Amino acid sequence: MLVLSSLKHNNFIPHNCIKKIMDTAMRIMAQLLMIMLCLSSTPAVNAEESSICMKAAIFFEKKYDIPDKLLQSIIIVESRRGKNPAPWPWSANIQSKPYYFDDYHSFEKFVNNTVNAGTTNIDVGCAQINWHYHNMHFDNISALIDPITNIAYSAYFLTTLYKQYNDWNKAVSSYHSKNKTHGSIYLHKVKLTQKEIL
C-alpha cells in the first residue's frame, strides 16, 4: 500500500506556495491511484511482482519527461535478480552484498530489523535508494520500501540531478556516485541496458 502521508512534500516536490503544494499533492495522489488501479489485477504476492517496478517507472518517465527507457534501465541495473532482466521490488543491498526476498513481508521485516539495529547505509527497493543519504525525505523506512513511492522518489532525484547538470549522462552517473570512475562504470551499464530494451 502506498504511504503518501509519509512523504514530506515540501522536500519531495518543492514549491513556494502552500496552495500549489496541496494542488500538486492532490494531482499526484490521483495519478498514483491510476497506477494502483492498473496494478490491482496483480495480487500482492505472485510471479508478476517485478512488473510493479517497470509500470511505475514508465509512468514517472512520462511525468518527469525522462528520456525513454532511462529510468527503467536504471532500476533494472539496480535491482535485477540474478540473470532475470527485470527489477525486483523486494531487494536490498548492504556493503555491496545483495539480498532478495520472495515477498514484501519478509523484505519489510529484514529492512526494519537492519535499520533498527543501527545500519543506515542500506539500499532498498526497485531503485535501490540509500536510506542513509535520503532518509530526510521520509518519515520512516517503510515508506521508502513501497515500490511506487520508491520509483517516484527515484524519478524526482534523477530529474533534480538533471536540472543541476543539464546533462542526462551526468545525472545518471551522479545518481549512483559522485566518484567519476564509479559513475562512469554505472553509466555504461545503464546505457547497455537501455539499448537492450529499446
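Structural data are supplied above this passage.
**Q** Hey, could you run me through the environment of Phe60 in this one?
**A** Note that Phe60 resides in helix H3 (residues 50-63). Spatially, the C-alpha atom of Phe60 lies 6.5 Å from that of Ala152, the residues being 92 residues apart in sequence.

**Q** Explain the sheet that holds strand S4 (residues 129-130) here, please?
**A** Strand pairing in a sheet is mediated by backbone hydrogen bonds. Such pairs are either parallel or antiparallel. Spatially, the 4 strands line up as an open sheet ordered S2-S1-S3-S4, and their pairing is antiparallel. Unpaired on one side and paired on the other, strand S2 (97-100) and S4 mark the two borders of the sheet. One ladder, built from 4 bridges, connects strand S1 (residues 91-94) with S2; its direction is antiparallel. When the bridges of S2 are listed, Ser91 appears paired with Tyr100.

**Q** I would appreciate a short explanation of H3 in the present structure.
**A** For the α-helix, the turn length of 3.6 residues means that residues three or four positions removed from each other point alike. End to end, H3 covers 21 Å across 14 residues, agreeing with the expected 20 Å (1.5 Å per residue, within 8%). Listed as buried for H3 are Ser50, Ser51, Ile52, Cys53, Met54, Ala56, Ala57, Phe60 and Glu61. Where H3 terminates, the next one or two residues include Asp65, which has phi positive at roughly 55°.

**Q** Where do I start with helix H10 (residues 180-197) in this structure?
**A** A rise of 1.5 Å per residue sets the reference length of H10, with its 18 residues, at 26 Å; its end C-alpha atoms lie 26 Å apart and thus fit the reference within 8%. Of all the positions in H10, only Gly183, Tyr186, Leu187, Val190, Thr193 and Gln194 are classed as buried. The buried residues of H10 occupy an angular sector of 130° when projected down its axis, which confines them to one face. Opposite its buried face, H10 presents the exposed residues Thr181, Lys195 and Glu196, each directed more than 90 degrees away.

About the criteria used
- Starting from 1, residues in each chain are numbered consecutively following that chain's sequence as written.
- Where totals are concerned, whole chains, interfaces and linings use all residues; where local detail is concerned, this predicted model gives features only for residues with pLDDT of at least 70, and gives and counts side-chain atom pairs only at 80 or more.
- The side-chain numbers reported here are obtained from all heavy atoms of the structure, hydrogens and water having been left aside.
- For the purposes of this entry, the term helix denotes a DSSP run of H or I that reaches at least four residues, the term strand denotes a run of E that reaches at least two, and both are numbered from the N terminus.
- For two strands to be treated as a pair, DSSP must find no fewer than two bridges joining them.
- In this scheme, a helix's expected span is set at 1.5 Å multiplied by one less than its residue total.
- Burial classification: accessible surface area is computed with a 1.4 Å probe over protein chains only, and a residue below 20% of its type maximum counts as buried, one above 50% as exposed, and the rest as partly exposed.
- This arc is taken over the directions from the axis of the helix to the C-beta atoms.

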